[in-house]
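What follows is the residue order along each chain.
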Amino acid sequence: MEDNETRKKIEVCFSPYLFPLFKDEFDIIVVIDVLRATSAICAAFDNGVAGLIPVSTIEEAREYQAKGYLVGAERQGQIVEGFDFGNSPYSYMVPELKGKTVVLSTTNGTKSINIAKEAGQVVIGSFLNLDVLCEWLEKQDKHILCLCSGWQNKFNLEDTICAGAITDYLVNTGQFRSEEDSSIAAKYLFLSAKDNILGYLKASSHRRRLKNLNLNEDIKYCLTPNQAPVIPILVGDTIQLIKESVSV
Ligand code: 3SL
């Protein structure tokens, strides 16, 4: 085990609102929006999408649509009228998207990605790519921040638990240290939840919101680890797949 000073940092930021307090200290930002943006992105790449451009506003999404792109847009959990699809991971499991570069705008997730890109290398995190992502992060000689997208700048449980899983894994390698209370809290929440993540999140706000929209299948898929073992990273304005062996 390395001494504390030489260990790399792994910390957790609970919401984009708090990101300015963290942003200058990290090389890699793992953006997490378990329900559902970063899960949908992992599902998209696992199903052969070639690239995904995350945009923050509906106006930008419309501009890409006018250029002929297939564009997904979600607000308040629902598909925005006039767009090709929303934010359900299942929308990306179709042959028409294979090999294509698509555009996506969501309430929180795509905004977090765009906030994070000024501060470091953005990598997409979710339960769906948990193990492969942790193994890749372990190999990077970098300080890492997990940015939880939350809901409209508020804390949420599902992103925090996923960030806690990443923190727990990396600290246990002996190569990483966590000093912020947010990271310690995220880790303990993960340890309490890990045996039944779906049950643990039963009363959580966004799970309730999506359940009311009859999106139970999306919830179950997004909360089941390691179903989309991909590592999507942001290159310029486009998310692409990284090969496991590559370092950033
Ligand atoms: O906020 C987001 O980016 C979305 O993931 C929210 S939803 O799950 O599509 O409602």
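Bear in mind the structure is a predicted one, so any value in this text is a computation, not a measurement.

Thresholds, definitions, all that
Residues numbered from 1 in each chain as written. Predicted model: local features only at pLDDT ≥ 70, side-chain atom pairs only at ≥ 80, totals over all residues. Heavy atoms only, no water. Near = heavy atom within 4 Å. Polar contact = N/O pair within 3.5 Å; in protein donor to acceptor, adjacent residues only side chain to side chain. Areas by Shrake-Rupley, 256 points an atom, 1.4 Å probe, with all protein chains shown as cover. Nonpolar A, V, L, I, M, F, W, Y, C, P; charged D, E, K, R; others polar. Core = buried A, V, L, I, M, F, W, Y, C linked by side-chain atoms within 4.5 Å. Buried < 20%, exposed > 50% of the residue type's maximum accessible area, 1.4 Å probe, protein only. Helix = DSSP H or I, 4+ residues; strand = E, 2+ residues; numbered from the N terminus. Contact = heavy atoms within 4.5 Å. Axes fitted to C-alpha atoms, helices over the stretch in contact; angles between N-to-C directions. Parallel < 35°, antiparallel > 145°, perpendicular 65-115°, else oblique. Pairing = 2+ DSSP bridges. Expected span 1.5 Å × (residues − 1). Disulfide = S-S within 2.5 Å.

Quick look at the site of the ligand now. What surrounds the ligand is a group of 14 residues, the closest being R36, N87, T106, N108 and G109. Measuring from an oxygen atom of the ligand, one finds a backbone N or O atom of A37 at 3.0 Å. At a separation of 2.6 Å, an oxygen atom of the ligand approaches a polar side-chain atom of N108. In isolation the ligand offers 290 Å² of accessible surface; the protein chains occlude 100% of this area. A class-by-class count of the residues in the shell around the ligand yields four nonpolar, seven polar and three charged.

The next subject is the nonpolar core. Among the nonpolar cores identified, the biggest contains 39 residues, and V30, L137 and I166 are the most heavily contacted of them. Elements with a minimum of two residues in this core: β1 (8-13), β2 (28-32), α4 (130-139), β8 (144-148), α5 (157-172), α6 (181-193) and α9 (216-222). For I166, the contacting residues outside a window of four places in its chain are I10, V30, I32, L130, L133, C134, L137 and C146. In terms of nonpolar packing, the next biggest core, distinct from the first, is built from 32 residues, C13, F26, C42 and I124 among them.

Before going further, it helps to spend a moment on the packing of α5 against α6. Interaxial distance between α5 and α6 falls to 7 Å at its minimum, and their mutual angle equals 100°. Compared by their axis directions, α5 and α6 come out roughly perpendicular. Listed contacts from α6 to L157, T160, I161, G164, A165, T167, D168 and V171 of α5 are S183, A186, K187, L189, F190, L191 and A193. Along the lines of polarity and charge, the residues of the contact of α5 with α6 split into nine nonpolar, four polar and two charged.

If you trace the backbone, R62 turns up in helix α2 (residues 58-66). A C-alpha to C-alpha distance of 37 Å links R62 and T167, two positions 105 residues apart in sequence. Ignoring any residue separated from it by four or fewer positions in sequence, one finds R62 in contact with E81 and F83.

Strand residues, when the strand is regular, have side chains that alternate between the two faces of the sheet. Among the five residues that make up strand β7 (residues 121-125), four are buried, leaving the element largely enclosed by the rest of the structure. In the sheet, β2 pairs with β7 via five bridges, with the strands oriented parallel. Residue pairing across strands places I28 opposite Q121, the latter belonging to β7.

On to α5. Since the α-helix turns once every 3.6 residues, residues separated by three or four places project in the same direction. Here α5 spans 22 Å end to end across 16 residues, near enough to the 22 Å set by a 1.5 Å rise per residue. Burial analysis of α5 places twelve of its 16 residues in the buried class, which makes it a mostly covered element. Among the residues making up α5, those that are buried are E158, D159, T160, I161, C162, A163, G164, A165, I166, T167, D168 and L170. Immediately beyond the C-terminal end of α5, within one or two residues, lies G174, with a positive phi of roughly 85°.

On inspection of all chains with the given rule, the structure shows zero disulfides. Left without a disulfide partner, C42 is nearest to the cysteine sulfur of C162, which lies 9.0 Å away. Given the relative accessible area of 0%, C42 is considered buried. Here C222 stays unpaired: no disulfide links it, and the sulfur of C42, its closest cysteine neighbor, is 9.6 Å away.

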